[in-house]
Amino acid sequence: MSSWFKRKEKGIQTATEEKKDTPRGLWYKSPTGKIVESEELAKNFYVSPEDDYHVRIGSKEYFEILFDDNKFRELDAKLSSKDPLKFVDTKKYSDRLKAAEQKTGLKDAVRTAVGKSMGKELVIACMDFSFIGGSMGSVVGEKIARAIDVAKRRKIPFVMISKSGGARMMEAALSLMQLAKTSAKLAQLAEAKIPYISLCTDPTTGGTTASYAMLGDINISEPGALIGFAGPRVVKDTVGKDLPEGFQTSEFVKEHGFLDFISHRSDLKKKINLYIDLITNQPIRA
């Protein structure tokens, strides 16, 4: 073997100060084939500038977009799931949880926080699809319930950003109980006359749609998001008919009365705060 091919020193020798941040030249390809530089994508609210495709993002990005100067206090950050049913499918649920934590750096599929948005306090609960498909288990239900309690106690509007494949099957009935728990908490919030804005993002399906995602005082969505209970394939197999064009897109769902507004991600902060001002009968913030 020639000497240039041999590694003289073991390990990577780059000094910390020489390490670069995210290198330029990382590209993202949207489903329509349009290519955009990652840096440009981030500046454009993670929307592909050429075809307006809204790239799927998580709590980190939504907090960045909605909280003033990205300043917020995270709630219940250490809450993590257990495996009470000792559930095993192709692998153990406990192993899935560990792998998801390592891969995403998240504790579970929702993060909750309080901070200022356009100068006024807001509680936001935002789901992360990257953590086991944004599935709703006991921790997701508990964190949302506690965030609603904070909103109620401090009389602050509540925003829920849904992005989920539905209930977490590895927690069986415990997961399904979260539908009732979160819905009951939202009923208490409504009783206290505190606004609740629900934002459905791509995808909002299953148990989330069947509970908190559709219970907002105002239900909004982003363009082109998939919103439904069962997936299109399951619906088609069940009804035995071809589905109409655009079935379960946010535009289709709005047309059929399940959504109030569709908001472009660049307008999201403005729109959410506008709806809050209108519901609470406050002067509209510029």
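You'll find the structure just up there.
Computed from a predicted model, the values in this text were never measured in an experiment.

Caption draft 1: View of the overall build of the protein chain. Secondary structure summary: the protein chain contains eight helices and nine strands in total. For 286 residues, the compact-globule formula gives about 19 Å, and the C-alpha radius of gyration of the protein chain, at 21 Å, lands near that figure. Expressed as lengths along the three principal axes of its C-alpha atoms, the size of the protein chain is roughly 75 × 50 × 45 Å. For the protein chain, buried positions account for 41% of its 286 residues. Considering only residue pairs separated by 6 or more positions, the protein chain has 67% of its internal contacts joining residues 24 or more positions apart. For the protein chain, the centre of its 46 positive side-chain charges and the centre of its 38 negative side-chain charges are spaced 5 Å apart.

Caption draft 2: Quick look at the nonpolar core. Grouped together as the largest cluster of nonpolar side chains are 29 residues, with contacts concentrated most on Val-123, Val-140, Ile-144, Phe-158, Met-160, Leu-189 and Tyr-212. Of all the secondary-structure elements, those providing two or more residues to this core are α3 (93-104), β4 (110-117), β5 (120-127), α4 (138-154), β6 (158-164) and α5 (172-191). Sort the elements by how many residues they give to this core and α4 lands first, with six residues. With residues near it in sequence (within four places) discarded, Val-140 still touches Asp-108, Ala-109, Val-110, Met-127, Ser-135 and Tyr-212. With 21 residues, the next largest nonpolar core counts Ile-65, Phe-67, Val-159 and Ile-197 among its residues.

Caption draft 3: Spotlight on the pattern of salt bridges. Under the definition given, this model contains 17 salt bridges. Where Glu-101 meets Lys-107, a salt bridge forms, and the shortest distance between an N and an O atom there is 3.4 Å. Since its relative accessible area comes to 35%, Lys-107 is described here as partly exposed. Where Asp-277 meets Arg-285, a salt bridge forms, and the shortest distance between an N and an O atom there is 3.0 Å. When sorted by exposure, Asp-277 lands in the same class as Arg-285, which is buried. Look at the salt bridges and you will find they share partners, linking Asp-76, Glu-142, Arg-146 and Lys-181 into a network.

Reading the values: the criteria
- Residues numbered from 1 in each chain as written.
- Predicted model: local features only at pLDDT ≥ 70, side-chain atom pairs only at ≥ 80, totals over all residues.
- Heavy atoms only, no water.
- Helix = DSSP H or I, 4+ residues; strand = E, 2+ residues; numbered from the N terminus.
- Rg over C-alpha atoms; globule rule 2.2 N^0.38 Å.
- Buried < 20%, exposed > 50% of the residue type's maximum accessible area, 1.4 Å probe, protein only.
- Contact = heavy atoms within 4.5 Å.
- Lys, Arg positive; Asp, Glu negative; His and termini not counted.
- Charge placed at Lys NZ, Arg CZ, Asp CG, Glu CD.
- Core = buried A, V, L, I, M, F, W, Y, C linked by side-chain atoms within 4.5 Å.
- Salt bridge = Lys/Arg side-chain N within 4 Å of Asp/Glu carboxyl O.

Remember that the coordinates give geometry; whether it matters functionally is a separate question.
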